[in-house]
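So the chains spell out like this:
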Amino acid sequence: MPALKHDAVDQMTESLKGSSGVYLADFTGITVEKVTVLRSTLRKKGLSMRVSKNTLIRRALNNAGVQGLDKYLAGPTAMI
């Protein structure tokens, strides 16, 4: 796996290990403006949203010991 992808998985894994929960969201059809507002709202609440390839999200979830979410990793996915 290239270094950038490896770094992305490591960052997501660390975020998952330090969090009390995770949400996966399909953001199909949401405009850029609405995504920007959503990210801003999440930041104000101390949360973050990351869009990544499903394979990288899957690796990070597995590394963090989070099971049972593979069925939700289809299409454009954001991890909150």
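Report follows, based on the coordinates. Since we're looking at a predicted model, the values are computed, not measured. As a convention, each chain's residues are numbered from 1 in the sequence order in which they are written. It should be noted that, the model being predicted, local features are given only for residues of pLDDT at least 70 and side-chain atom pairs only at 80 or more, the latter also being counted only at that level, while totals for whole chains, interfaces and linings use all residues. Side-chain metrics in this entry use all non-hydrogen atoms of the structure; hydrogen atoms and water are not considered.

## Section: the sheet that holds strand β1 (residues 24–26)
To be explicit about the condition: Paired strands are those between which DSSP finds at least two bridges. Secondary structure elements follow DSSP: runs of H or I of four or more residues count as helices, runs of E of two or more count as strands, with numbering from the N terminus.
Across the sheet, which stays open at both edges, the three strands sit in the order β1-β3-β2 with antiparallel pairing between neighbours. Both outer strands of the open sheet, β1 and β2 (50–51), are each paired with one neighbouring strand and no more. As paired strands, β2 and strand β3 (residues 77–79) are joined by two bridges and run antiparallel to one another. What sits directly across from V51, in β3, is A78.

## Some thoughts on the environment of K17
Cut-off, in case you're wondering: Each residue is placed in one exposure class: buried if its accessible area under a 1.4 Å probe, protein chains only, is under 20% of its type's maximum, exposed if it is over 50%, and partly exposed if it falls in between. In what follows, residue pairs with any heavy atoms lying within 4.5 Å of each other are defined as contacts.
Among the secondary structure elements, K17 is positioned in helix α1 (residues 3–17). For K17, a relative accessible area of 52% gives the class exposed. On a C-alpha basis, the gap between K17 and L56 in space is 15 Å, while along the polypeptide they are 39 residues apart. Not counting residues up to four positions away in its chain, the partners in contact with K17 are N63 and A64.

## Focus on the nonpolar core
Selection rule: What is meant by a nonpolar core is a set of buried Ala, Val, Leu, Ile, Met, Phe, Trp, Tyr and Cys residues, joined one to another through side-chain atoms within 4.5 Å.
Formed by V9, M12, L16, L56, I57, A60, L61, L69, L73 and M79, the largest nonpolar core amounts to ten residues. With four residues, the top contributor of residues to this core is helix α3 (residues 54–63). Residues within four places of L16 in sequence aside, it is in contact with V22, A60, L61, A64 and M79.

## A closer look at α1
The line we're drawing: By this rule the span expected of a helix is its residue count minus one, scaled by 1.5 Å. The reported arc concerns the directions from the helix axis to the C-beta atoms and nothing else.
Here α1 spans 21 Å end to end across 15 residues, near enough to the 21 Å set by a 1.5 Å rise per residue. Listing the buried residues of α1 in full gives A8, V9, M12, T13 and L16. Considered in projection along α1, the buried side chains sweep an arc of 135 degrees and stay on one side of the axis. Exposed residues lying more than 90 degrees from the buried face of α1 are A3, L4, E14 and K17.

## What to know about the packing of α1 against α3
We apply this condition: Interaxial angles span 0 to 180 degrees and are taken between N-to-C directions of axes, which are lines fitted to C-alpha atoms, for helices over the stretch in contact. Angular relationships are summarised with four words: roughly parallel below 35 degrees, roughly antiparallel beyond 145, roughly perpendicular across 65 to 115, and oblique for the angles in between. By the definition used in this description, the sense in which the near helix is turned from the far one sets the handedness, with an anticlockwise turn below a right angle giving left-handed and a clockwise turn giving right-handed.
Where α1 contacts α3, the axes come no closer than 8 Å and their chain directions differ by 45 degrees. Classified by the angle between their axes, α1 and α3 sit oblique to one another. Two packed elements cross with a definite hand, and for α1 against α3 that hand is right-handed. In this structure, α1 uses K5, V9, M12, T13, L16 and K17 to contact α3, whose residues at the interface are L56, I57, R59, A60, L61 and N63.

## Things to note about the side chain of T77
Defined as follows: What qualifies as a polar contact is a pair of N or O atoms within 3.5 Å, subject to a donor-acceptor requirement within protein and to the restriction that residues adjacent in sequence count only when both atoms come from side chains.
You can see T77 is positioned in strand β3. Here T77 falls in the buried class, since its relative accessible area comes to 3%. Of note is the side chain of T77, whose polar atom sits 2.7 Å from the side chain of N54. In this structure the side chain of T77 is engaged in a polar contact, spanning 3.1 Å, whose partner is the backbone oxygen of G75. When sequence neighbours within four positions are dropped, the list of residues in contact with T77 reads L24, A25, F27, R50, V51, S52, N54, I57 and Y72.

Geometric values such as these leave the question of function open.
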